[in-house]
Amino acid sequence: YVNVDIVALCFSTLTLAACLLGTRRPSMMQSAVLPGVYAGLATGSKYTMAVAIVPVLMTCGLYLRPGRRMWGMLAAIAAMVLAFLAVVPYSLIDLPAFLSGVAFEAFHYASGHVGFEAEPGLPQALFYGRHLLSDYGPAAAVSAVIGAAALIAADWRRAAVLLGFPLALGWLLV
């Protein structure tokens, strides 16, 4: 069973892995271009994954030398856009239909999924929290919090890169 969520998960995971590799060996290619390409592929598989650019930009901002940070961020965004266009060429070929489809999906997300949503904001965040607890249990939630705290204590910059994606996605969906 494969759907767009699984493909998006694979590419967003590759984006995070490439970002973390870029923290070990900061360079324009390792920290910006390669993660930007993966972020573009993630976005091409599911448009809400456009937030995958957040950890890429954070990697550029936190790890590239000061004179190269802005160039790295621009290279990452360009790589993302080019990768997106490579896998979703109709977005340029038939721009009106593409924009109409994006508008429909935006409306669809805004109007919710019956049984899978609450009021926007804190009620929706609590809904997701209860759902995750019921699916994975309290031990997984406690382990995740302890792991995040340990990562923050060990290396706050890598923690910011790694946690930037789920926090940005949560912000988008809540």
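Our subject is the structure that appears above.
Residues numbered from 1 in each chain as written. Predicted model: local features only at pLDDT ≥ 70, side-chain atom pairs only at ≥ 80, totals over all residues. Heavy atoms only, no water.

**Student:** Describe the overall build of the chain, listing the residues and the values that go with them.
**Tutor:** The helix and strand inventory of the chain stands at eight helices and zero strands. Each helix and strand of the chain, placed in order from N terminus to C terminus, yields the pattern α-α-α-α-α-α-α-α. By the compact-globule yardstick of 16 Å for 174 residues, the chain fits well, its C-alpha radius of gyration being 17 Å. Its C-alpha atoms give the chain principal-axis dimensions of about 50 × 50 × 30 Å. Going through the 174 residues of the chain one by one, you find that 29% of them count as buried. (Helix = DSSP H or I, 4+ residues; strand = E, 2+ residues; numbered from the N terminus. Rg over C-alpha atoms; globule rule 2.2 N^0.38 Å. Buried < 20%, exposed > 50% of the residue type's maximum accessible area, 1.4 Å probe, protein only.)

**Student:** Explain the packing of helix 1 (residues 4-24) against helix 8 (residues 156-173) to me, using residue names and the numbers behind them.
**Tutor:** Helix 8 packs onto helix 1 with a crossing angle of 170° between their chain directions and a minimal axis gap of 10 Å. In terms of orientation, helix 1 lies roughly antiparallel with respect to helix 8. Here helix 1 and helix 8 pass one another in a crossing that is right-handed. The residues of helix 8 that touch helix 1, namely those facing Ser-12, Leu-16, Cys-19, Leu-20, Thr-23 and Arg-24, are Arg-158, Val-161, Leu-162 and Phe-165. Grouping the amino acids of the contact of helix 1 with helix 8 by side-chain chemistry returns six nonpolar, two polar and two charged. (Axes fitted to C-alpha atoms, helices over the stretch in contact; angles between N-to-C directions. Parallel < 35°, antiparallel > 145°, perpendicular 65-115°, else oblique. Left-handed = near helix turned anticlockwise from the far one by under 90°. Contact = heavy atoms within 4.5 Å. Nonpolar A, V, L, I, M, F, W, Y, C, P; charged D, E, K, R; others polar.)

**Student:** Before we move on, can you summarise the packing of aromatic side chains with the specific residues and values?
**Tutor:** Here the distance between the centres and the angle between the planes together describe a pair of aromatic rings. As enumerated under the stated definition, the model contains five aromatic pairs in all. Feature note: the residues Tyr-47, Phe-84, Tyr-90 and Phe-98 constitute an aromatic cluster, connected by ring pairs. Over the ring of Tyr-63 we find Arg-157, and its NZ or CZ is 4.1 Å from the ring centre. (Phe/Tyr/Trp six-rings, centres within 6.5 Å; stacked < 30°, edge-to-face > 60°. Lys NZ or Arg CZ within 6 Å of the ring centre and 35° of its normal.)

**Student:** Could you give an account of helix 8, naming the residues involved and the relevant values?
**Tutor:** Structurally, the α-helix is built with 3.6 residues per turn, so residues lying three or four positions apart point the same way. An ideal rise of 1.5 Å per residue puts 26 Å on 18 residues; helix 8 measures up with 25 Å between its terminal C-alpha atoms. At Leu-163, helix 8 shows its maximal bend, which comes to roughly 40°, and the proline Pro-166 appears one to four places after that position. For helix 8, the complete set of buried residues consists of Arg-158, Ala-159, Val-161, Gly-164, Phe-165, Ala-168 and Leu-169. (Expected span 1.5 Å × (residues − 1). Bend = angle between axes of the 7 residues up to and from the residue.)

**Student:** Any chance you could break down the state of the cysteines for me, citing the residues and the numbers?
**Tutor:** One pass over the structure, following the stated rule, counts zero disulfides. Lacking any disulfide linkage, Cys-10 is separated from the closest cysteine sulfur, that of Cys-19, by 16 Å. Residue Cys-10 is classed as partly exposed on the basis of its relative accessible area of 45%. No disulfide involves Cys-60; its sulfur sits 7.8 Å from the nearest other cysteine sulfur, which is in Cys-19. (Disulfide = S-S within 2.5 Å.)

**Student:** Can you explain helix 4 (residues 69-87)? Please cite residues and give values.
**Tutor:** Here helix 4 contains 19 residues, and its C-alpha end-to-end distance of 27 Å stays within 8% of the 27 Å for a straight helix at 1.5 Å per residue. The set of residues buried in helix 4 consists of Gly-72, Ala-76, Ala-79, Met-80, Ala-83 and Phe-84. For helix 4, the angular spread of the buried residues around the axis is 130°, confining them to a single face. Within helix 4, the exposed residues directed more than 90 degrees away from the buried face are Met-70, Trp-71 and Leu-82. (Arc of directions from axis to C-beta.)

**Student:** Account for the pattern of salt bridges, naming residues and giving values.
**Tutor:** What the rule picks out here adds up to two salt bridges. Linking Lys-46 and Asp-5 is a salt bridge whose minimum nitrogen-to-oxygen distance equals 2.4 Å. Residue Lys-46 is located in the loop between helix 2 (28-45) and helix 3 (53-63), and its partner Asp-5 is located in helix 1; the two are separated by 41 residues in the primary sequence. (Salt bridge = Lys/Arg side-chain N within 4 Å of Asp/Glu carboxyl O.)

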